[in-house]
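If you want the building blocks of each chain, they are given just below.
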Amino acid sequence: MSLTTVKGSSQVLAIDNTGGGVSLTVPDADGPASAKMCTIGPLETGPIRFTTDPDVTVTTSRGHLIAIGSTIEIWGDTDMRNFRAIRTTGTSGAAEVTYER
């Protein structure tokens, strides 16, 4: 499958300790579900946990643990919209996000 970057959709994601987790801003430039996947990372500053399960509340001890330097790929509109992340230490995580279709 060949993907192209959704123009103007890149963002810097700051992952702090917001209750319930930080979400993505999925672009709708070409209508619903215009992005097919996104790449988050590499994670630059602090480790995080994330989930795409809408029935799970991400916490500092619940969710997939991601180390500094790691990259995450999220596929599908539903999983991108359900993405939630939280930092696991006193340092917030930061990562570039690029959406593709």
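For the structure itself, consult the block above.
A few points on the structure.

Rules of the game
- Residues numbered from 1 in each chain as written.
- Predicted model: local features only at pLDDT ≥ 70, side-chain atom pairs only at ≥ 80, totals over all residues.
- Heavy atoms only, no water.
- Helix = DSSP H or I, 4+ residues; strand = E, 2+ residues; numbered from the N terminus.
- Rg over C-alpha atoms; globule rule 2.2 N^0.38 Å.
- Buried < 20%, exposed > 50% of the residue type's maximum accessible area, 1.4 Å probe, protein only.
- Contact = heavy atoms within 4.5 Å.
- Core = buried A, V, L, I, M, F, W, Y, C linked by side-chain atoms within 4.5 Å.
- Pairing = 2+ DSSP bridges.
- Axes fitted to C-alpha atoms, helices over the stretch in contact; angles between N-to-C directions.

Along the backbone of the chain there are one helix and seven strands. Going from the N terminus to the C terminus, the chain shows its helices and strands as β-β-β-β-β-α-β-β. Taken over C-alpha atoms, the radius of gyration comes to 13 Å for the chain, in line with the 13 Å a tight globule of 101 residues would show. In terms of overall dimensions, the chain has a C-alpha envelope of 35 × 30 × 20 Å along the principal axes. The buried share of the chain, reckoned over its 101 residues, is 39%. Once local pairs closer than 6 in sequence are excluded, the contacts in the chain between residues at least 24 apart make up 79%.

Put simply, Gly41 and Pro42 share a cis peptide bond, and its omega is 10°. Residue placement: Pro42 occurs in the loop between strand S2 (37-40) and strand S3 (48-51).

Right, let's get into the nonpolar core. Most often, soluble globular proteins have nonpolar side chains that are buried together. Counting residues in hydrophobic clusters, the biggest one holds 21 residues, and the most contacted among them are Leu24, Ile40 and Tyr99. Mapped onto this core, the elements with two or more residues apiece are strand S1 (11-15), S2, S3, strand S5 (72-75) and strand S7 (93-100). Sort the elements by how many residues they give to this core and S7 lands first, with three residues.

The next subject is the sheet that holds S3. With antiparallel pairing, the three strands of this open sheet are ordered in space as S4-S3-S6. Each edge of the sheet is formed by a strand with only one pairing partner; in this case those strands are strand S4 (64-66) and strand S6 (84-87). When strand polarity is set aside, the average angle formed by the axes of neighbouring strands in this sheet is 25°. Where S3 and S4 come together, three bridges link them in antiparallel fashion. Of the residues in S4, the one forming a bridge with Phe50 is His64.

Let us now look at the sheet that holds S7. The pairing of strands in a sheet comes from backbone hydrogen bonds and takes either a parallel or an antiparallel form. Taken in spatial order, the four strands line up as S1-S7-S2-S5 in an open sheet, and their pairing is antiparallel. With partners counted over all chains shown, the strands left at the sheet margins are S1 and S5, one partner each. Across this sheet, the average inter-strand angle for adjacent strands is 25°, counted without regard to direction. For S2 and S5, the ladder comprises four bridges, and the chain directions are antiparallel. Within the sheet, the bridge partner assigned to Cys38 lies in S5 and is Ile74.

Bringing the environment of Pro27 into the picture now. Inspection of the secondary structure puts Pro27 in the loop between S1 and S2. As for Pro27 and Ser10, which are separated by 17 residues in sequence, their C-alpha atoms are 9.4 Å apart. Setting aside its immediate chain neighbours within four residues, Pro27 contacts Val6, Ser9, Ser34, Ala35, Arg81 and Tyr99.

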